[in-house]
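Structure assessment
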Amino acid sequence: MNDAKAVIKSFCAGLGIKSEADTEGFYSFSVDVGEFAVHDLSEEGVLLLTADLGQVPPDNAGSLFRLMLEAQHSFRETAGATFSIDGERDCITLSRVVPYATLDEDVLFREVER
């Protein structure tokens, strides 16, 4: 087990959630503000943190996309995270990469809190 997996397992234990990845390698969990997932991308030496923000609205999506892009401009309101759309679920997500080099349990908790 690489150190990242140990950090993930400790993180999950601290939240009282399962510490086994699903078939796609995601550790998923819910907290009061939403659904999150951690994916260990060991080939790249990073963890990918994702948060579901909700469904793409059927009407007036242009206004939402403008707000998202403005928030992401110069990472002004996203702290380096990026917006995307999960095409399979039609869900807006916010994703952030955490390099192994900076990773420990405290860092992971802080990154998820952002």
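Look above for the structure.
Residues numbered from 1 in each chain as written. Predicted model: local features only at pLDDT ≥ 70, side-chain atom pairs only at ≥ 80, totals over all residues. Heavy atoms only, no water.

Along its 13 residues, helix α1 (residues 3-15) runs 19 Å from first to last C-alpha, staying within 8% of the 18 Å computed at 1.5 Å per residue. Three or more residues of α1 are buried, namely Ala4, Val7, Ile8, Phe11 and Cys12. Taken down its axis, α1 places every buried residue within 135° of arc, on the same side. Of the residues in α1, the exposed ones pointing more than 90 degrees away from the buried face are Asp3, Ala13 and Gly14. On the buried face of α1, the contacting elements are β1 (26-31), β2 (34-41), β3 (46-55) and α3 (105-113). Downstream of α1 by one or two residues, Gly16 has phi in the positive range, about 70°. (Helix = DSSP H or I, 4+ residues; strand = E, 2+ residues; numbered from the N terminus. Expected span 1.5 Å × (residues − 1). Buried < 20%, exposed > 50% of the residue type's maximum accessible area, 1.4 Å probe, protein only. Arc of directions from axis to C-beta. Contact = heavy atoms within 4.5 Å.)

Bringing the layout of surface pockets into the picture now. Taken as a whole, the largest pocket holds about 420 Å³ of empty space. Around the largest pocket, the lining comprises 25 residues; the ones closest to its centre are Phe36, Glu111, Val112, Glu113 and Arg114. For the lining of the largest pocket, the secondary structure elements donating two or more residues are β1, β2, β3, β5 (91-99) and α3. Residue composition of the lining of the largest pocket, by class: 15 nonpolar, four polar and six charged. The computed volume of the second largest pocket comes to approximately 360 Å³. Only β1, β2, β3 and β4 (82-86) provide two or more residues apiece to the lining of the second largest pocket. Split into classes, the residues belonging to the lining of the second largest pocket amount to five nonpolar, four polar and seven charged. (1 Å grid on protein atoms, 1.4 Å probe; cavity = no way out; pocket = protein on both sides within 12 Å on 5 of 7 lines; lining within 4 Å. Points joined across faces, edges and corners; volume = space filled by probe spheres on them. Nonpolar A, V, L, I, M, F, W, Y, C, P; charged D, E, K, R; others polar.)

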